[in-house]
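Chain by chain, the residues run as shown.
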Amino acid sequence: MKKTHIALAVATLALCSAGLAEAANDEPITPIKPAANINLGQVELGKKLYFDPRLSKSGFISCNSCHNLSLGGTDNIPTSIGDKWQQGPINAPTVLNSSLNLAQFWDGRAADLKAQAGGPIANPGEMGFTHDLAISVLQSIPGYVREFKQVFGADKIEIGDVTAAIAEFEKTLVTPNSRFDQWLLGRSDALTADELAGYNLFKNAGCVACHNGEAVGGNSYQKLGIVEPYKTTSGAEGRAAVTGDDADRFNFKVPTLRNVELTYPYFHDGAANTLTEAVDIMGRLQLGRKFSASENAKIVAFLKTLTGKQPSFLLPILPPSSDATPRPTPFGK
Ligand code: HEC
Ligand code: HEC
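The rules behind each value
- Residues numbered from 1 in each chain as written.
- Chains lettered and ligands numbered in written order.
- Predicted model: local features only at pLDDT ≥ 70, side-chain atom pairs only at ≥ 80, totals over all residues.
- Near = placed C-beta within 6 Å.
- Helix = DSSP H or I, 4+ residues; strand = E, 2+ residues; numbered from the N terminus.
- Axes fitted to C-alpha atoms, helices over the stretch in contact; angles between N-to-C directions.
- Parallel < 35°, antiparallel > 145°, perpendicular 65-115°, else oblique.
- Left-handed = near helix turned anticlockwise from the far one by under 90°.
- Contact = placed C-beta atoms within 7 Å.
- Nonpolar A, V, L, I, M, F, W, Y, C, P; charged D, E, K, R; others polar.
- Expected span 1.5 Å × (residues − 1).
- Buried ≥ 20, exposed ≤ 12 C-beta atoms within 10 Å, placed from the backbone.
- Core = buried A, V, L, I, M, F, W, Y, C linked by C-beta atoms within 7 Å.

1. A few points about the site of ligand 1
Now for step 1: Surveying the vicinity of ligand 1 reveals 25 residues, the closest of which are Cys63, Cys66, Gly82, Phe105 and Pro120.
Now for step 2: With five residues, helix 5 (residues 113–122) is the single largest residue contributor to the shell around ligand 1.

Here it is as structure tokens:
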């Protein structure tokens, strides 16, 4: 059945693109849709907050420090660096397309983006602040007081409005129009023969069992190390930390593979530096399959076609602090 499927795809590719568009309809991966139903006022405010380091104790760390939108929404280091140069315990996932996830964080402990956004501000190892202090900073900045009033209609800034605005901005960080999506939508020349062969390997080897849907992941929790155990010194327990169920130990939210070319290093401990390495580990540990160098290269070539249109906007100019704004404390106390 799977074999006929590839044969069919290849044959259609050779014959006509209309047939291919039809074949694409039952692919396990679906094209990313542009963001819809967005509140533009909240997006503009949330964009400012996303880039504002004054939401951190040091006055130096913003969401963009660890989820850098010039770097695929991540920091490209194994585990993030937070307040007082502390090295965090886990790799920062990309914020790109995170609105498509079934829940947020590697273990899914935040139900959605709004619930997630409050976490880092008050996390001692990340922005190291408290919600009350963050609010007192924002409330001391006249430009923010005006904009919150305009967008949410209240004189007092509430943490729930801060996280709602950030989440609304994050909803715009989807990346449609990758070459792979163009192919799914019927442009048969959008992929090279090697890339298409890589996709067929990805499907037929069984990667799509976990990496599927619009985000090519993000929609289930799965065990890392099904056939062979994963060796790591990271203390992460995975989903068990949330459910308390031992059966969920080392189950992680399957990461999206959208833009994966940009989001190295890989895995929750950031231990794999290259896609070649990550694909090799996935093949062996999840599927008991050792890919040849040429198979691996084809899968990597396919994965690189998942890079979509990156968010593009003018850098927000932040409203200045006032004389009443509490001073940041970059070096402790
Ligand atoms: C010091 C670095 C750091 C800062 C600052 C930071 N994050 Fe994160 N972020 C991380 C790490 C590390 C994780 C993964 C934590 C985990 O899963 O336990 C994460 C997870 C996330 C996720 C979940 C993505 C997914 O796929 O599960 C989102 C969304 C996110 N952060 C948004 C934000 C926002 C919004 C801000 C600013 C309010 C922010 N982050 C500030 C490091 C950071
Ligand atoms: C049984 C489910 C499952 C299968 C099958 C599977 N994966 Fe994964 N994949 C995961 C999980 C879970 C993670 C996250 C592991 C972690 O770091 O904790 C992951 C992570 C990855 C990553 C790293 C992404 C990142 O941002 O860190 C890549 C790349 C990847 N998989 C590719 C593949 C390929 C290629 C295949 C097929 C050879 C495959 N996967 C098969 C579940 C699966």
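The discussion continues.
2. Things to note about the packing of helix 3 (residues 40–51) against helix 7 (residues 142–152)
In helix packing, the relevant descriptors are the interaxial angle and the interaxial distance, both defined with respect to the helix axes.
Now for step 1: Running from N to C, helix 3 and helix 7 cross one another at 155 degrees; their axes reach a closest spacing of 9 Å. Viewed along their axes, helix 3 and helix 7 adopt a mutual orientation that is roughly antiparallel. Judged by the sense of rotation from one axis to the other, the crossing of helix 3 with helix 7 is left-handed. Only Glu147, Gln150 and Val151 of helix 7 make contact with helix 3, whose side of the interface consists of Gly41, Gln42 and Leu45.
Now for step 2: Taken together, the residues of the contact of helix 3 with helix 7 break down into two nonpolar, three polar and one charged.

3. Some words on helix 8 (residues 159–171)
Now for step 1: In this model, helix 8 (13 residues) spans 18 Å end to end at C-alpha, consistent with the 18 Å of a helix rising 1.5 Å per residue.
Now for step 2: With ten of 13 residues buried, helix 8 is to be regarded as a mostly interior element.
Now for step 3: The set of residues buried in helix 8 consists of Asp161, Val162, Thr163, Ala164, Ala165, Ile166, Ala167, Glu168, Phe169 and Glu170.
Now for step 4: In this fold, the buried residues of helix 8 make contact with helix 3, helix 5 and helix 7.

4. Some words on the site of ligand 2
Now for step 1: The local shell around ligand 2 holds 26 residues, among which Cys207, Cys210, Tyr266, Phe267 and Met282 are the closest.
Now for step 2: Those elements giving two or more residues to the shell around ligand 2 turn out to be helix 10 (193–205) and helix 12 (275–287).
Now for step 3: Considering each element in turn, the shell around ligand 2 owes the most residues, six residues, to helix 12.

5. Remarks on the nonpolar core
Now for step 1: Residues Phe202, Leu275, Ala278, Val279, Ile299, Leu303 and Leu306 are the most contacted members of the largest nonpolar core, which totals 28 residues.
Now for step 2: Counting only elements with at least two residues in this core, the list comes to helix 9 (179–184), helix 10, helix 12 and helix 13 (293–304).
Now for step 3: It is helix 10 that provides the largest number of residues to this core, a total of five residues.
Now for step 4: If we ignore the near neighbours within four places in the chain, the residues touching Ala278 are Tyr266, Phe267 and Ala272.

So yeah, pure geometry; function would need other evidence.
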